[in-house]
Amino acid sequence: METTPLNSQKELTAYMDGEDCQGNSVLQKGVPVPGDKAESSQISNGYSAVPSPSAGEDTQHSIPAATTTLVAEVHPGERETWGKKVDFLLSVIGYAVDLGNVWRFPYICYQNGGGAFLLPYTIMAVFGGIPLFYMELALGQYHRNGCISIWRKICPIFKGIGYAICIIAFYIASYYNTIMAWALYYLISSFAAQLPWTSCKNSWNTGNCTNYFSEDNVTWTLHSTSPAEEFYTRHVLQIHRSKGLQDLGGISWQLALCIMLIFTIIYFSIWKGVKTSGKVWVDAAAQIFFSLGPGFGVLLAFASYNKFNNNCYQDALVTSVVNCMTSFVSGFVIFTVLGYMAEMRNEDVSEVAKDAGPSLLFITYAEAIANMPASTFFAIIFFLMLISLGLDSTFAGLEGVITAVLDEFPHIWSKRREWFVLSVVITCFFGSLITLTFGGAYVVKLLEEFATGPAVLTVALIEAIAVYWFYGINQFCSDVKEMLGFSPGWFWRICWVAISPLFLLFIICSFLMSPPQLRLFQYNYPQWSIILGYCIGTSSFVCIPMYITYRLIITPGTLKERLIKGITPETPTEIPCGDIHLNAV
């Protein structure tokens, strides 16, 4: 294999920026590739090049003499990319805008002073959430790998972050899809002349059921329950048949069938691929982080299928704005509904909204829809929307895991994607069974509070430190400039180096200092369940110190040499560049 020099730096830049860079070859930046017998040209900008065999023997490129070596490599199976830019943008928006926008934001906003909450929410979005969101899109698009193998090109000793993300994704799939199963059950029940949660004359209703929307004069008391609440708790969940976490009861076969249908849809969709106080600020930081969703590996996976020069900066801003505006609109709707219900019950809004989470969807919203004209039609539309929102996020979460594993073990799974996706879906289904029991709602809340929250925050903090401090903020900004043609300004650099890590550390410390006192309906979680929750949360991010220890043990040399090797990229970053492969060595 022969190499021929490019005549100028200008030629190299022009070549990289041209249409040929969309072809079948890659520019590789990172470490040398041993064993190439060709004499490589030397260049000053960190790249070298040789023609790939597909370019033919007559292809000639030249590079001025400099300090690094370049070798050509042939990559027969190129990484797939999004068919259209809009496909990527809608997928990221679909991931970011999920069920949490509909229930979590309005509830937290109300709990923290309503309009006053918008100030810390906006500040946390600008200085914390959006910079992290932008960072993950840029990392994934530049290095073109999932959340496990990408660390070989950034900081190998932190590869445990990828494994931790995969475990967190399994926990999320174990309860998040159960909420969609509830929504599917509601959707099926909506195909009736009269919605079943509008009456107190059903077999599951109790003597406390009070239909205050009826024409009769009724009095709402402290012991009263609405038809919608009893439909949700006694018919859908059947939670009265469980004594708590210590006795969950049997599995609801209706919900089991619903979640089987949900997972079937998931499989055939992805099997082929692509009050002003300190607590106001804590809740604002947590809400913007979980809403935008950095740290879950999804943004890395989606961005890795982008074209190299895609404007991920613009994508980050557009997605963040759409996500926040969706939350605001949801807030306006829920406040209107809660106010109307409180007026009808002659109660404070705080009493109407005493149960957070999915209860707002399946009790509050359902009750409001049931008393609208054409209620059946609007119920069908509403629960279809919930399922669509949930499916988008589930597709994204599982795709993050699938991309990570296929990139890390291509020799095993690259030709067997359908079988691997099937095994992932089946594993998630069996993991969901515990949440389908009569006391499954208790498990859902426990997993929601402990299995994902503090764990993913810790993972994101370590990821930020690894990228900004070990890989280096200057190197990262150089990568962004290489893709977009401009370097991130001082605002982004300050946020990435200092503000974003402090933002994450702030949320983690606040959580540890005041762990949540869990309560669902009339059930207070026992102390042992809180300890169990911490154990579940720790089980994911413990992969990070375990891998660091493993890496230091297997690496030869002194401790200092092992550490240096651990934080030095070990494989080159491949960049599409026409018919040549360029390696920065």
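Keep in mind it's a predicted model, so treat the numbers as computed, not measured. (Residues numbered from 1 in each chain as written. Predicted model: local features only at pLDDT ≥ 70, side-chain atom pairs only at ≥ 80, totals over all residues. Heavy atoms only, no water.)

Thoughts on the pattern of salt bridges
How we decide: Salt bridge, as used here, is a side-chain nitrogen of Lys or Arg placed within 4 Å of a carboxyl oxygen of Asp or Glu. The secondary structure listing takes helices from DSSP runs of H or I that are at least 4 residues long and strands from runs of E that are at least 2 residues long, numbered from the N terminus. The buried label applies to any residue whose accessible area, calculated with a 1.4 Å probe on protein chains only, is under 20% of its type's maximum; exposed applies above 50%, and partly exposed to all values in between.
Tallying each qualifying case throughout the model produces five salt bridges. Among the salt bridges present, the one from Glu408 reaches Arg152, with a minimum N-O distance of 2.9 Å. A salt bridge links Lys445 to Glu449, with the nearest nitrogen and oxygen atoms 4.0 Å apart. With a gap of four residues between them, Lys445 and Glu449 both fall in helix 16 (residues 440-484), about one helical turn apart. In this structure Glu449 comes out as partly exposed when scored by relative accessible area, which is 24%.

What to know about the packing of aromatic side chains
Rules: Under the pairing criterion, centres of Phe, Tyr and Trp rings, with the six-membered ring standing for Trp, must be within 6.5 Å; the plane angle then separates stacked pairs below 30 degrees from edge-to-face pairs above 60, leaving the rest tilted.
Using the criterion set out here, one finds 38 aromatic pairs in the structure. In this structure an aromatic cluster arises from ring pairing among Trp182, Tyr186, Trp197, Trp204, Phe231, Tyr232, Phe362, Tyr365, Phe382, Phe383 and Phe521.

A look at the UniProt feature "binding site: Na(+)" (unreviewed entry) in the protein chain
Stated formally: UniProt positions are given in the numbering used here, feature names are shortened, and annotations may be inferred rather than shown by experiment.
Within the UniProt annotation, "binding site: Na(+)" (unreviewed entry) is assigned to Gly94, Ala96, Val97, Asn101, Ser291, Asn323, Leu389, Asp392 and Ser393. Among the structural elements, Gly94 can be located in helix 2 (residues 85-96). The class for Gly94 is buried, based on a relative accessible area of 8%. Here Ala96 lies in helix 2. Overall, Ala96 belongs to the buried group, its relative accessible area being 0%.

So, the packing of helix 5 (residues 160-189) against helix 19 (residues 543-554)
Selection rule: Simply put, an axis is a line fit to the C-alpha atoms, just over the touching stretch for a helix, and the angle between two N-to-C directions goes from 0 to 180 degrees. Should an angle fall under 35 degrees it is taken as roughly parallel, and over 145 as roughly antiparallel, whereas 65 to 115 is taken as roughly perpendicular and any remaining angle as oblique. Crossings are sorted by hand: turned counterclockwise from the far helix by less than a right angle, the near helix makes the crossing left-handed, and turned clockwise it makes it right-handed. Contacts are residue-level and defined by heavy atoms, with any inter-residue pair within 4.5 Å sufficient. We call Asp, Glu, Lys and Arg charged. Ala, Val, Leu, Ile, Met, Phe, Trp, Tyr, Cys and Pro are nonpolar, and the rest, Gly among them, are polar.
Running from amino to carboxyl end, helix 5 crosses helix 19 at an angle of 150°, the nearest separation of the two axes being 8 Å. Comparing the axis directions of helix 5 and helix 19 gives the class roughly antiparallel. When you trace helix 5 past helix 19, the crossing you get is right-handed. In contact with Gly160, Ile161, Tyr163, Ala164 and Ile167 of helix 5, helix 19 contributes Cys543, Ile544 and Tyr547. A per-class count over the contact of helix 5 with helix 19 returns seven nonpolar, one polar and no charged.

Some words on the state of the cysteines
Rules: Disulfides are defined as cysteine sulfur pairs within 2.5 Å.
According to the stated counting rule, one finds one disulfide in the structure shown. Two residues share a disulfide in this structure: Cys200 and Cys209, whose sulfurs sit 2.0 Å from each other. Between Cys200 and Cys209, the S-S dihedral sits near -75°, and the bridge is therefore left-handed. Residue class for Cys200 comes out partly exposed when judged on its relative accessible area of 25%. For Cys209, a relative accessible area of 13% gives the class buried.

A few points about the packing of helix 16 against helix 17 (residues 490-513)
At a closest axis distance of 9 Å, the pairing of helix 16 and helix 17 adopts a crossing angle of 160°. In terms of their interaxial angle, helix 16 and helix 17 are classed as roughly antiparallel. Read as a crossing pair, helix 16 and helix 17 show a hand that is left-handed. Taken together, the residues that form the contact of helix 16 with helix 17 break down as 19 nonpolar, two polar and two charged.

Quick look at the environment of Ile154
If you trace the backbone, Ile154 turns up in the loop between helix 4 (118-143) and helix 5. Between the C-alpha atom of Ile154 and that of His143, which follows or precedes it by eleven residues, the distance is 8.7 Å. Contact partners of Ile154, with chain neighbours within four places excluded, come to Leu139, His143, Tyr471, Ile567 and Pro569.

A look at helix 12 (residues 359-370)
What counts is decided by this rule: Under the convention used throughout, the expected extent of a helix is 1.5 Å for every residue step, that is, one less than its residue count.
In this model, helix 12 (twelve residues) spans 15 Å end to end at C-alpha, consistent with the 16 Å of a helix rising 1.5 Å per residue. Buried residues along helix 12 sit in contact with helix 3 (99-111), helix 5, helix 6 (227-236), helix 10 (312-345) and helix 13 (375-408).

Quick look at a nonpolar patch on the surface
This is how it is decided: Patch construction takes residues with relative accessible area above 30% that form no salt bridge. Like charges are linked within 9 Å, and nonpolar side chains (Val, Leu, Ile, Met, Phe, Trp, Tyr) are linked within 5 Å. Here the Shrake-Rupley method, with its probe set to 1.4 Å, supplies the accessible areas, and only the displayed protein chains count as covering residues.
Judged by side-chain polarity, Leu119, Ile123, Val126 and Phe127 come together as a nonpolar surface patch covering roughly 310 Å² of accessible area. Position of Ile123 among the secondary structure elements: in helix 4. Classification of Ile123 as partly exposed rests on a relative accessible area of 31%.

Remarks on the side chain of Thr555
Inclusion rule: Think of a polar contact as two N or O atoms within 3.5 Å of one another; within protein, one of them needs to be a possible hydrogen donor and the other a possible acceptor, and neighboring residues in sequence only count if both atoms come from side chains.
Inspection of the secondary structure puts Thr555 in the loop between helix 19 and helix 20 (559-566). One polar contact links the side chain of Thr555 to the main-chain carbonyl oxygen of Arg551, over a distance of 2.6 Å. If sequence neighbours within four positions are ignored, Thr555 has contacts with Arg562 and Lys565.

Overview of the side chain of Thr458
Within the secondary structure, Thr458 sits in helix 16. Under the relative-accessibility criterion, Thr458 is labelled buried at 17%. Polar contacts involving the side chain of Thr458 include one to the main-chain carbonyl oxygen of Pro454, which spans 2.8 Å.

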